[in-house]
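Report on the structure
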Amino acid sequence: MSGSMLQCPRCQKCSGKKIDSQRSVCSACSEELRRVYQFCSACRREWPKGMTGGSSCTLPGCAVRAALMSNQTITANTSSVFRCPFFRACPRCKALLTHTGWGCPNIVCPHCSTRFCFRCLKSGPCFSHCEMVDNSASLRALGV
Ligand SMILES: [Zn+2]
Ligand SMILES: [Zn+2]
Ligand SMILES: [Zn+2]
Ligand SMILES: [Zn+2]
């Protein structure tokens, strides 16, 4: 995949073209819909309708969704959270959190004091090798 072509959230084809820092347009969907189909390349949703100007997305939860969908993972191979997504949403208050990489996989949310496991996202404590989950359930729970 070349840097300028992006996967469109509607047709899932790599026919999106970046026209602004966050705004992209899909030529395949634009042709099919007979209107310009634009999407946010950060949160991967249709660009707010009627918002033609501006280069930053105004959809709720854009930054949180973008962080949860990033491919960035924890790369310290001695860490208890090795290969986990770099960002997690707190299962209770949905705040965006990350792990220092040190110590056990359990973290405490600084916003709501919920203790949960960074690997399986269940309320902790977890000490053994639990099943690592991706962020798809968190993205659904965000509901934005
Ligand atoms: Zn498309
Ligand atoms: Zn967005
Ligand atoms: Zn929280
Ligand atoms: Zn766990």
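Structure's up top.
Residues numbered from 1 in each chain as written. Chains lettered and ligands numbered in written order. Predicted model: local features only at pLDDT ≥ 70, side-chain atom pairs only at ≥ 80, totals over all residues.

**Some remarks on the pairing of strand 3 (residues 23-26)**
- Two elements, strand 2 (residues 16-18) and strand 3, share three bridges in a ladder whose sense is antiparallel. Along strand 3, the bridge assignment pairs K18 with S24.
- Adjacent in sequence and paired antiparallel, strand 2 and strand 3 are bridged by four residues.
- Where strand 3 lies against strand 4 (residues 37-40), four bridges are found, and the strand directions are antiparallel. In the sheet register, V25 faces strand 4, and the bridge partner there is Q38. (Pairing = 2+ DSSP bridges. Helix = DSSP H or I, 4+ residues; strand = E, 2+ residues; numbered from the N terminus.)

**Regarding the nonpolar core**
- Judged by nonpolar contacts, L6, C8, C26, C29, Y37, F39, C40, A42, C43, W47 and C57 together constitute the single largest core of eleven residues.
- Top element by residues in this core is strand 4. It accounts for three residues.
- The residues touching C29, leaving out its near neighbours within four places in the chain, are C8, R10, C11 and Y37.
- Formed by eight residues, the second largest nonpolar core is a distinct cluster that contains V81, F118, L121 and C126. (Core = buried A, V, L, I, M, F, W, Y, C linked by C-beta atoms within 7 Å. Buried ≥ 20, exposed ≤ 12 C-beta atoms within 10 Å, placed from the backbone. Contact = placed C-beta atoms within 7 Å.)

**Here's the deal with the environment of K49**
- In this structure, K49 sits in the loop between strand 4 and helix 2 (62-69).
- Separated by ten residues in the primary sequence, K49 and F39 place their C-alpha atoms 9.9 Å from one another.

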